[in-house]
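Descriptive analysis of the structure
Chain residues, written in single-letter form:
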Amino acid sequence: EFGNEGSFNNARLSNGILHYVSNLFPNYWILEERPDIELRPSFFDSKQGGEFKPLPYEDLTILPGTMEGSYSVINSLNLEAPATNELSTKAFLGGNEQLYMNEQHLYLTASAYETTEGEFGNTSLWVPQQADTEIFKFSLDGISVEFLASARVQGTLLNQFSMDEFEGHFRLATTEGVAWQPASQPKNHLFILNEQLEQVGSVENLAPNERIYSVRFMGKKAYMVTFRETDPLFAIDVSNPSAPQVLGELKIPGFSNYLHPLDDTHLIGFGYETKIEPVKGGGEPRIVTGGMKLSLFDVSDMSNPKETDTEIVGGPGTYSALQYDHKALFRHEQQSLFGFPVSIDQGDGMEYIEFEAEGALVYLITPQGIELSAD
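One structure accompanies this document, and this report is about it. Note that the coordinates shown come from a computational prediction; the quantities given were computed from them, not determined experimentally.

1. Regarding the overall build of the chain
Looking only at helices and strands, the chain has zero helices and 28 strands in total. In summary, the chain has a C-alpha radius of gyration of 23 Å against a globular reference of 21 Å for 375 residues, a match within 12%. With respect to the three principal axes, the spread of C-alpha positions in the chain is 65 × 55 × 50 Å. In the chain, which comprises 375 residues, the proportion classed as buried is 47%. Long-range pairs, those at least 24 residues apart, make up 49% of the contacts in the chain between residues at least 6 apart in sequence. Accessible surface for the chain amounts to roughly 18800 Å². Of this, 48% is attributable to carbon and sulfur atoms. Between the averaged position of the 23 positive side-chain charges in the chain and that of its 54 negative side-chain charges there is a distance of 2 Å.

Below, the structure is given as structure tokens:
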């Protein structure tokens, strides 16, 4: 048995080796009362007596440029013989939010907020629309984890699918700005970094006044969904890292929170349908969210992406964990079956919402279309 202080954030398993990452916020404010307080992360290992003890100084690293008063703690263990294999625990001063990992590298990201002076004395306030993303790259060799490089890019990440490494290059998509701040018009970017995390290419200022709802990198192709009133699906050629290019754009009602590759030329989008409701007396129309929407996208011609089939589940209020957790998607790829849990509501989206059913739906999804298989 082993563990460490902090809150679990993320984990990955590759080639039998488990890497799990946690955040720790030391009680450094107690230093005024107890200058001898231990601020190093503590860990325990039953093979070493099972008592909590602070990490050795040689296992602590300060990440470049970090202003965080928290640690990212990375534990690594070979699960092929967990009772006898060594455990590696490393702590890095600097927080973490999103994680991307392949067999060679692990990436952690953290939001870097700009601050402004507050109204009361010497207080500082976060300014969300000015948040950037810090990226920290680590090498993996068995259970050994070593820091390699760091970088900072404009905007914030949506989730793990906003990142990808391909042929030595790290790609990520961000949204800069927020809709409710007129001085900070939302805009979206795609950045490509080399092995040293130096920027070599980008597509910037996509879809002004919208934000990213989903991203999917597929080798030399990338797909991005943004939304405000309609759902633009951008098809982006990233085969040349120094010159990525938007090849096509598709605008349809609704939006996709999760994009899943069906094959090399088709994507499945899981999200919501929407409709535009005019506002009495004029003014900007309201965007009303309807039922859950499944979309089948044909991207065989990236310059002309198409939505070839759709399925609407329920009405306003309908919810599925799949909207925000891709692990809620059931897949049987040999039979092209895709399922998810769902709570179905009906209503007009304005006056009332009525519960209808709860359970799971399974669809047969092929390049030819979407068909309900079981409910």
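There's plenty left to go through after this.
2. Overview of the sheet that holds strand E27 (residues 353–366)
Sheet architecture is open: four strands sit in the order E25-E26-E27-E28, paired in antiparallel fashion. Pairing within the sheet leaves two strands with one partner each, and these edge strands are strand E25 (330–332) and strand E28 (369–374). Pairs of neighbouring strands in the sheet enclose a mean axial angle of 45°, with direction left out of account. In the sheet, E27 pairs with E28 via five bridges, with the strands oriented antiparallel. Directly across from isoleucine 365, in E28, lies its bridge partner isoleucine 370.

What counts, and at which threshold
Residues numbered from 1 in each chain as written. Predicted model: local features only at pLDDT ≥ 70, side-chain atom pairs only at ≥ 80, totals over all residues. Heavy atoms only, no water. Helix = DSSP H or I, 4+ residues; strand = E, 2+ residues; numbered from the N terminus. Rg over C-alpha atoms; globule rule 2.2 N^0.38 Å. Buried < 20%, exposed > 50% of the residue type's maximum accessible area, 1.4 Å probe, protein only. Contact = heavy atoms within 4.5 Å. Areas by Shrake-Rupley, 256 points an atom, 1.4 Å probe, with all protein chains shown as cover. Lys, Arg positive; Asp, Glu negative; His and termini not counted. Charge placed at Lys NZ, Arg CZ, Asp CG, Glu CD. Pairing = 2+ DSSP bridges. Axes fitted to C-alpha atoms, helices over the stretch in contact; angles between N-to-C directions.

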